[in-house]
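Read off the chains here:
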Amino acid sequence: MTTTPTPTTDDAPSPPAPVPAQGRGAWSTLRPLVLRLHFYAGVLVAPFLLVAALTGLLYAASFQAEKIVYDHELTVPVGDRELPVSEQVAAARAAHPDGEITAVRPSPEPGATTRVLLSGIPGVDPGHTLAVFVDPYTAKVRGELEQYGSTGALPLRTWIDEFHRDLHLGEPGRLYSEFAASWLWVIACGGLVLWFSRRRTQRKLRGTTGRRRTLGLHGGVGAWVALGFVFLSATGLTWSAYAGAHIGDLRTALGQETPAVSAAAGEHAGHGTAGGAGGDAAHGVGLDRVLAAARAEDLDNPVEIVPPADEGSAYVVQQIQRSWPTKEDAVAVDPATGQVTDVLRFEDFPVLAKLTRWGIDLHTGSLFGLVNQIALMLLALCLILLILWGYRMWWQRGRGSAFGRPIPRGAWQQVPPQVLVPLLALVAVLGYFVPLFGIPLAAFLAADIVLGEIAHRRGRRTYGPASR
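Residues numbered from 1 in each chain as written. Predicted model: local features only at pLDDT ≥ 70, side-chain atom pairs only at ≥ 80, totals over all residues. Heavy atoms only, no water.

Chemist: Just checking my understanding: could you explain the overall build of the protein for this structure?
Modeler: In terms of helices and strands, the protein carries 12 helices and 8 strands. Taking the intrachain contacts of the protein between residues at least 6 apart in sequence as the baseline, contacts between residues at least 24 apart amount to 64%. Total accessible area on the protein stands at roughly 24000 Å², and carbon and sulfur atoms take up 63% of it. (Helix = DSSP H or I, 4+ residues; strand = E, 2+ residues; numbered from the N terminus. Contact = heavy atoms within 4.5 Å. Areas by Shrake-Rupley, 256 points an atom, 1.4 Å probe, with all protein chains shown as cover.)

Chemist: So what exactly am I meant to see when it comes to the nonpolar core here?
Modeler: General note: in soluble globular proteins, nonpolar side chains tend to be found buried as a group. If you look at the biggest cluster of nonpolar residues, it comprises 34 residues, and the most contacted ones within it are L49, W183, F229 and L383. Within the residue set of this core, elements represented by two or more residues are α1 (26-69), α5 (174-197), α6 (210-237), α10 (369-396) and α12 (435-457). Here this core gets 9 residues from one element, more than from any other, and that element is α5. Beyond its immediate sequence surroundings of up to four residues, F229 is in contact with L184, A188, L379, C382, L383 and L386. (Core = buried A, V, L, I, M, F, W, Y, C linked by side-chain atoms within 4.5 Å. Buried < 20%, exposed > 50% of the residue type's maximum accessible area, 1.4 Å probe, protein only.)

Chemist: For this particular structure, what's the right way to read the packing of α5 against α6?
Modeler: A pair of packed helices is characterised by two quantities: the angle between their axes and the separation of those axes. At their nearest, the axes of α5 and α6 sit 7 Å apart, and the two run at 140° to each other. In terms of axis orientation, α5 runs oblique to α6. By crossing handedness, the relation of α5 to α6 is classed as left-handed. Counted together, E178, A181, S182, L184, W185, A188, C189, L192, W195 and F196 of α5 and L215, G216, G219, G220, A223, A226, F229, V230, L232, S233 and L237 of α6 form the full contact between these two elements. Taken together, the residues of the contact of α5 with α6 sort by class into 15 nonpolar, 5 polar and 1 charged. (Axes fitted to C-alpha atoms, helices over the stretch in contact; angles between N-to-C directions. Parallel < 35°, antiparallel > 145°, perpendicular 65-115°, else oblique. Left-handed = near helix turned anticlockwise from the far one by under 90°. Nonpolar A, V, L, I, M, F, W, Y, C, P; charged D, E, K, R; others polar.)

Chemist: Please explain helix α8 (residues 287-296) as it appears in this structure.
Modeler: An α-helical turn contains 3.6 residues, so any two residues separated by three or four positions project in the same direction. Along α8, the residues classified as buried are L287, V290, L291, A293 and A294. The arc that holds the buried residues of α8, viewed along the axis, is 155°, so those residues lie on one side. Along its buried surface, α8 packs onto α3 (85-95), β1 (100-105), β5 (303-306), β6 (315-319), β7 (330-333) and β8 (340-344). One or two positions beyond α8, positive phi appears at D298, with a value near 70°. (Arc of directions from axis to C-beta.)

Chemist: What am I meant to see in the packing of aromatic side chains here?
Modeler: By the definition in use, this model includes 14 aromatic pairs. Ring geometry for Y59 versus F63: centroids 5.4 Å apart, planes at 80°, classification edge-to-face. One end of the pair is Y59 and the other is F63, both in helix α1 and 4 residues apart, which spans about a single turn. On the basis of relative accessibility, which here comes to 11%, the residue Y59 falls in the buried class. Given the relative accessible area of 11%, F63 is considered buried. An aromatic cluster is built from F39, Y40, Y391, W394 and F444, whose rings are joined through pairwise contacts. (Phe/Tyr/Trp six-rings, centres within 6.5 Å; stacked < 30°, edge-to-face > 60°.)

Chemist: Any chance you could explain the pattern of salt bridges here in plain terms?
Modeler: Side chains that differ in sign of charge can pair as their charged atoms come close. Scanning the entire structure with this criterion turns up 10 salt bridges. In this structure, E328 engages R357 in a salt bridge whose closest nitrogen and oxygen atoms are separated by 4.0 Å. In this pair, E328 sits in the loop between β6 and β7 while R357 sits in helix α9 (residues 351-364), placing the two residues 29 residues apart along the sequence. On the basis of relative accessibility, which here comes to 7%, the residue E328 falls in the buried class. Here R345 makes a salt bridge to D329, at a shortest N to O gap of 3.2 Å. Pair noted here: R345 is in the loop between β8 and α9 and D329 is in the loop between β6 and β7, with a separation of 16 residues, a long-range link. Relative accessible area serves as the criterion here: at 15%, D329 is assigned to the buried category. Because the salt bridges share partners, they merge into one network encompassing R322, E328, R357 and D361. (Salt bridge = Lys/Arg side-chain N within 4 Å of Asp/Glu carboxyl O.)

Chemist: Looking at this structure, I do not really get the side chain of R157. What am I missing?
Modeler: Within the element layout of this structure, R157 appears in helix α4 (residues 155-166). A distance of 3.1 Å separates polar atoms of two side chains, one belonging to R157 and the other to T151. Excluding residues that lie within four positions of it along the chain, R157 makes contacts with Y59, S62, F63, E66, T151 and G152. (Polar contact = N/O pair within 3.5 Å; in protein donor to acceptor, adjacent residues only side chain to side chain.)

Chemist: What is the right way to read the environment of L194 from this model?
Modeler: Summarising the element assignment, L194 is placed in helix α5. Sequence spacing of L194 and V34 is 160 residues, and the spatial spacing of their C-alpha atoms is 7.6 Å.

Chemist: I'm lost on the packing of α5 against α12 in this one. Help?
Modeler: Interhelical geometry of α5 versus α12 gives an angle of 80° and a closest axis separation of 8 Å. Between α5 and α12, the angle is such that the two are roughly perpendicular. Together, L175, E178, F179, S182, W183 and V186 of α5 and L436, F437, P440 and L441 of α12 make up the contact between the two elements. In terms of residue class, the contact of α5 with α12 is built from 8 nonpolar, 1 polar and 1 charged.

Chemist: Just to check I follow, could you spell out the environment of V132 for this structure?
Modeler: Here V132 is to be found in strand β3 (residues 129-134). Look past the residues within four positions of V132 in its chain and what remains in contact with it is A92, H96, T114, R115, V116, L118, V141, G143 and E144.

Chemist: Is there a simple way to think about a nonpolar patch on the surface in this case?
Modeler: On the surface, L370, I374, L378, L381, L385 and L388 cluster together into a nonpolar patch covering about 520 Å² of accessible area. Of note, L378 is situated in helix α10. Judged by relative accessible area, L378 falls into the partly exposed class, the value being 49%. (Patch = residues over 30% accessible without salt bridge, like charges linked within 9 Å, V, L, I, M, F, W, Y side chains within 5 Å.)

Chemist: Explain α5 to me, please; I cannot follow it from the model alone.
Modeler: Counted at 1.5 Å a residue, the expected span for α5 with its 24 residues is 34 Å, and the 35 Å between its end C-alpha atoms agrees. At W183, α5 shows its strongest bend, of approximately 25°. (Expected span 1.5 Å × (residues − 1). Bend = angle between axes of the 7 residues up to and from the residue.)

As far as function goes, none of this settles anything; it's purely spatial.
Written out as structure tokens, the structure reads:
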């Protein structure tokens, strides 16, 4: 004999009497649709978001961990005078004669080492470089570590970064992070709309228990951090595989791509150089005069010097400060004469190029340093808690042995055509530019329609009013 549990005011509100569509407001017809999308997207996408949140939390903490783990390589006692950069590079070359010098990062501040970056080193990932750390006061080599990316990530941060980006699965693994980023903003916006559409008395936590309390925690915290999630989603998509390509194409079409300094050398290129030996960084006038020319153009630390790629190219010196205020000015220096041949200022970047730069740096925790990283860790922690509370609500929503009572189908049928048609058009456009949102949504809708039709034919219609 089975006993039907007695419904409570919290868990089983009485279904409202049907109201004709023409007599209802636009939101009253859209709310069940938003609720259904938020619920199922949350249940299905949450595992991917949980992985992204956990790995993102680790990545935000990796900046400070890197300073502790690699303190010997990164710092030295402050000396009286820094040696010329050319002497420091020569010391690194003597310790590591193999490979080619791809860049030199002079000591950015007192007590920091100089990095000489080498490519083509056996055992080093082809997409990475070997960073040789040199004491700028004594030219002694402090050590060497594999480095990745423009932020100079060392092995610890590189491992966590790749784990967050693709789970160490390469290009196929990037689909997980793009899928999570494609849906995070949808879930966050849907939850925000649902929360503020509830009556103020229903949003109170004090004195509530059970599912209503869990809902209060889930909705309240989610409302506070929703805009942060939308930001993480948008900036994460800018360098994703598919949505990122569409964003790049759009920026190009609008003339908003990131500019680059011209590395073409002057008319004396190839004359008077030191043989043009690939990778020895000793082309023409040498590193010291090149750095002095860049300093004369107000390129202060931190900077990176890139040797000429061939006899027809110039040195490129670029600022690499990702923290606020962003420093990304660049100059090209003729290797034969030491004259500056081109100057690029960050202040002249197109608007979207600047916003992209700042968005990425804020997303990765570089823009505002420790404060930025703490904020990202808090966002990641909030996302983890929201996911756990969401699954708990799913559990509490069950009836007897029916775990997770589903949200009723058919909500879209109640939406007036004048609202539904523009909404579908908007979703189609978003689905094109963000394919890992559009394709899964289309698959879900197709499966939902088929399952609904099967249930209807068997007499188990699940259409009806939705409550939360």
